[in-house]
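Below are the chains, spelled out letter by letter.
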Amino acid sequence: MFQKIIYPFMQGLRLSIFTFLFSIILDFTISKETLANSLNKNPELYIRGIQANIMNLFVLSPIYYLLLDLLFFDNNNNNFDILKFINLTLTHNILYYIGHKAMHKIKYLNSFHDFHHEFKITVPTNGNAVSISEYNFAYVLPFVIGIVIFRPNSITLSGSVFIISFFNTLIHCHELSKIKWPKFLVSPFDHGVHHKNKSGTYSAPIINIDKLLGGN
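If you're wondering where the values come from, they're calculated on a predicted model, not measured in any experiment.

A.B. asks: I keep staring at the overall build of the protein and nothing clicks. Help me out?
C.D. replies: When helices and strands are tallied, the protein shows nine helices and zero strands. Against the globule reference of 17 Å for 216 residues, the protein gives a C-alpha radius of gyration of 17 Å, in line with a compact fold. With respect to the three principal axes, the spread of C-alpha positions in the protein is 50 × 40 × 35 Å. Each of the 216 residues in the protein was classed as buried or not, and the buried ones make up 50%. Across the protein, the fraction of contacts at a sequence separation of at least 24, relative to all contacts at a separation of at least 6, is 73%. Carbon and sulfur atoms make up 67% of the accessible area of the protein, which totals about 11000 Å². Across the protein, the 17 positively charged side chains and the 12 negatively charged ones have centroids separated by 5 Å.

If you want it as structure tokens, here you go:
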């Protein structure tokens, strides 16, 4: 029983450690100029973003991972399931799009998303610099729904979390906005414009649903 609790908690923690270290390394390397400008203008905002990362990634995420493992994972199968991986990742992208749009369009939900839009020109750690309400509603809930539907095992879910976290970090890297990305992907440029002016594009972090639906 002890192992059944410790292993999933640690797996959730490992994913969070990767996400945080990857994003903070990019902050201080590729994004060092943007970071320097941010720290000069508003160092308190960057600190609040790091605090949000710590709460979301190191407090909430391992607990959620443990609970979902105990309740919904297929623990009888240890093989990576590519079909479930694709389904989970697509489900998260679609539901995030719906949730993100709702946070812009529904007045009651606006406050969930206000903190994230304080970051006008973003650095990679801003990808998880969101309120607890937004993290639960737009980041975690899409995974919960996908897990309940598809019943993945740990390695399959970890793959989906990894790829979504990876792209979520990249699209918040301002320096990458100069690189042209395939139109079907959310680019750092597209997401950067959204942060600056709350433009009517709501896709993140991988599939550009706005363009697939006929947007610009």
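Moving on from the coordinates now.
A.B. asks: Would you take a moment to explain the packing of helix H6 (residues 132–150) against helix H7 (residues 154–170) for this structure?
C.D. replies: What describes two packed helices is the angle between their axes and the distance between those same axes. Direction vectors running N to C along H6 and H7 enclose 150 degrees, while the axes themselves pass 12 Å from each other. Put simply, H6 runs roughly antiparallel to H7. Considering only the axes of H6 and H7, their crossing is right-handed. Two secondary-structure elements touch here, H6 through Tyr-139, Phe-143 and Ile-147 and H7 through Leu-157, Ser-160, Val-161, Ile-164 and Asn-168.

A.B. asks: Would you mind showing me how to read the packing of aromatic side chains here?
C.D. replies: Any two aromatic rings considered together are summarised by their centre-to-centre distance and by the angle between their planes. Under the defined criterion, the tally for this structure stands at 15 aromatic pairs. With centroids separated by 6.0 Å and ring planes inclined at 80 degrees, the aromatic side chains of Tyr-96 and Tyr-139 adopt a geometry described as edge-to-face. Note that Tyr-96 is positioned in helix H4 (residues 82–105) and Tyr-139 in helix H6, a separation of 43 residues in sequence. Residue classification places Tyr-96 among the buried positions, given a relative accessible area of 6%. For the ring pair Phe-166 and Phe-167, a centre distance of 5.6 Å and an interplane angle of 85 degrees mean the geometry is edge-to-face. Here the aromatic residues Phe-18, Phe-22, Phe-162, Phe-166, Phe-167 and Trp-181 are joined through ring pairs into a cluster of three or more.

Calculation rules
Residues numbered from 1 in each chain as written. Predicted model: local features only at pLDDT ≥ 70, side-chain atom pairs only at ≥ 80, totals over all residues. Heavy atoms only, no water. Helix = DSSP H or I, 4+ residues; strand = E, 2+ residues; numbered from the N terminus. Rg over C-alpha atoms; globule rule 2.2 N^0.38 Å. Buried < 20%, exposed > 50% of the residue type's maximum accessible area, 1.4 Å probe, protein only. Contact = heavy atoms within 4.5 Å. Areas by Shrake-Rupley, 256 points an atom, 1.4 Å probe, with all protein chains shown as cover. Lys, Arg positive; Asp, Glu negative; His and termini not counted. Charge placed at Lys NZ, Arg CZ, Asp CG, Glu CD. Axes fitted to C-alpha atoms, helices over the stretch in contact; angles between N-to-C directions. Parallel < 35°, antiparallel > 145°, perpendicular 65-115°, else oblique. Left-handed = near helix turned anticlockwise from the far one by under 90°. Phe/Tyr/Trp six-rings, centres within 6.5 Å; stacked < 30°, edge-to-face > 60°.

By themselves, these are just geometric observations and shouldn't be taken as functional.
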